[in-house]
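For reference, the chains in residue letters:
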Amino acid sequence: MKLLHLLCFVVSVHLAFTSFMGYEPWMNQQNIKVLPDIPVAVYNVSLNDPPKTRWNGLIQSFGPAKAKQLLDTVLQRIFPKEVRPIIDLITSRLDDYIAQPFADELRGLAEIMEADLGDIVFANLMYEMTAGCTSIVVQDPQGNIFHARNLDFPFNDVLRNGTVIINFQDQQKTVYSAVTYIAYIGILTGQRPNGFTITVDEREEGVRILSGLIALVDRKASPISFLTREVLEQQNNFESAVKQLTDRDLVAPCYIIVGGMSPGQGAVITRNRVVPSDVWRMNQTDYKWFILETNYDHWNTPPPWDDRRGAAVKALDMIGQANISPKTLYQALSVPLVLNNRTTYTALTSAGHPEIFSAWVRQIQ
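Owing to the predicted nature of the structure, the values given are computational and were not obtained by experimental measurement.

## Thoughts on the sheet that holds strand E12 (residues 266–271)
Line of reasoning, step 1. Taken in spatial order, the eight strands line up as E2-E5-E6-E7-E8-E11-E12-E13 in an open sheet, and their pairing is mixed. In the strand order of this sheet, the two ends are held by strand E2 (42–46) and strand E13 (276–281), each with one partner. Neighbour to neighbour, the strand axes of the sheet diverge by 20° on average, direction disregarded.
Line of reasoning, step 2. Pairing geometry for strand E11 (residues 254–259) and E12, over six bridges, is antiparallel. Bridge pairing links Val258 to Ala267 in E12.
Line of reasoning, step 3. Relative to strand E8 (residues 196–202), helix H10 (residues 224–234) is tilted by about 175°, and along the sheet it contacts strand E5 (163–170), strand E6 (173–181), strand E7 (189–192), E8 and E11.

Structure, rendered in structure tokens:
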């Protein structure tokens, strides 16, 4: 019976998301207006607290009603009624499908926000599979590594209001940090001080939402953002992070961009759902001092209506390695196309210089 439900669900989700997942041309930027950036607020989450309550302080500070309103607004736009039966089935046996501590964290969020658990679960799977992104790792002439990214979403007008920085702490010491969205427990942009940095970009392959939800019944697969959080918590260097990020089955294809501490430590991991398709390192690029990823395989040419890659490469070429810095890297992420009307935030990270970890909400009309 469960299999029959899932087969029916496969068909309904494919149909329900066909229109939502269609991408508008990124080059439609003629009339956008860029307003002043807004620094992202910083919160702490203690890993010493029980999973079910560790998010309470953040939600209370942000405002439970405000957090729920943002969640509801997002879900009203992208949560079709066809999905509800399978989400209810999953949440009724959450521990069978979501590993700890994430299952209890999701339950705790639902309680503190007075939200439906199914809504919380769906939102935590949806974000990582619907994002357009640009991620760049650069090396300056002294060998310092800097890693930055834009995160783009089709419903960014809402998500800009829910963007937060979280320091995950053990005994009041930050173990790793993330730029994320309120009520989202995974990590798409993260930094482990004196270790490595990670960003996740969506990969255009197949039906992304569908792949992710099918993986809820595949206990060997991990939601991408949950895996990156595990890696940030468990690993302490670039190479061990790259290894763990290539070894695990995932819910959907993606690109995982990793920056390290030493010269040359930049990589784009092109992931299939089950195995890595390719690990591309900075010293294998034509430029040697930077590596970048948008949402297309690096060995293929992006479509002409979405050449964020070309715009970013041109910006970096104009800056040059001699002038690269966190400031000029931010400028490269602010050129047209790379910065677009779907950009929610720009983040700067560096494992070797963790003090620069920061993010700004990009206000674009």
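## Description of helix H4 (residues 84–92)
Each α-helix turn comprises 3.6 residues. Residues three or four places apart therefore point the same way.
Line of reasoning, step 1. Of all the residues in H4, the buried ones are Ile86, Ile87, Ile90 and Thr91. Axial view of H4: buried residues confined to an arc of 130°, hence all on one face. Turned more than 90 degrees off the buried face of H4, the exposed positions are Pro85 and Ser92.

## Some thoughts on the pattern of salt bridges
Line of reasoning, step 1. Evaluation of the coordinates by the stated rule reveals 14 salt bridges.
Line of reasoning, step 2. Lys68 is the partner of Asp72 in a salt bridge, and the nearest nitrogen-oxygen pair spans 2.8 Å. Taken together, the residues Asp72 and Lys68, both in helix H3 (residues 64–78) and four residues apart, mark about one turn of the helix.
Line of reasoning, step 3. Asp72 gets classed as partly exposed once you look at its relative accessible area, which sits at 23%.
Line of reasoning, step 4. The shortest N-O distance in the salt bridge between Arg229 and Glu105 comes to 2.7 Å. Pair noted here: Arg229 is in helix H10 and Glu105 is in helix H6 (residues 102–113), with a separation of 124 residues, a long-range link.

## Some details on the sheet that holds strand E4 (residues 145–152)
Whenever strands of a sheet pair, they do so through backbone hydrogen bonds, lying parallel or antiparallel.
Line of reasoning, step 1. Reading across the sheet, the six strands line up as E1-E16-E15-E4-E3-E14 and stay open at both edges, with antiparallel pairing between neighbours. Across the chains shown, the open sheet's two edge strands, defined by having one partner strand only, are strand E1 (38–39) and strand E14 (290–293).
Line of reasoning, step 2. Pairing of E1 with strand E16 (residues 358–361) involves two bridges; the strand directions are antiparallel. Bridge pairing links Ile38 to Val361 in E16.

## Some thoughts on the environment of Val138
Line of reasoning, step 1. Structurally, Val138 is set in strand E3 (residues 132–139).
Line of reasoning, step 2. Given a relative accessible area of 0%, Val138 falls into the buried group.
Line of reasoning, step 3. Taking the C-alpha atoms as reference points, Val138 and Trp289, separated by 151 residues in sequence, lie 5.8 Å from one another.
Line of reasoning, step 4. Residue contacts for Val138: discarding those within four places in its chain leaves Asn144, Ile145, Phe146, Met282, Trp289, Phe290, Leu316, Ile324 and Leu329.

Rules of the game
Residues numbered from 1 in each chain as written. Predicted model: local features only at pLDDT ≥ 70, side-chain atom pairs only at ≥ 80, totals over all residues. Heavy atoms only, no water. Pairing = 2+ DSSP bridges. Helix = DSSP H or I, 4+ residues; strand = E, 2+ residues; numbered from the N terminus. Axes fitted to C-alpha atoms, helices over the stretch in contact; angles between N-to-C directions. Contact = heavy atoms within 4.5 Å. Buried < 20%, exposed > 50% of the residue type's maximum accessible area, 1.4 Å probe, protein only. Arc of directions from axis to C-beta. Salt bridge = Lys/Arg side-chain N within 4 Å of Asp/Glu carboxyl O.

Spatial relationships are all this shows, so hold off on functional conclusions.
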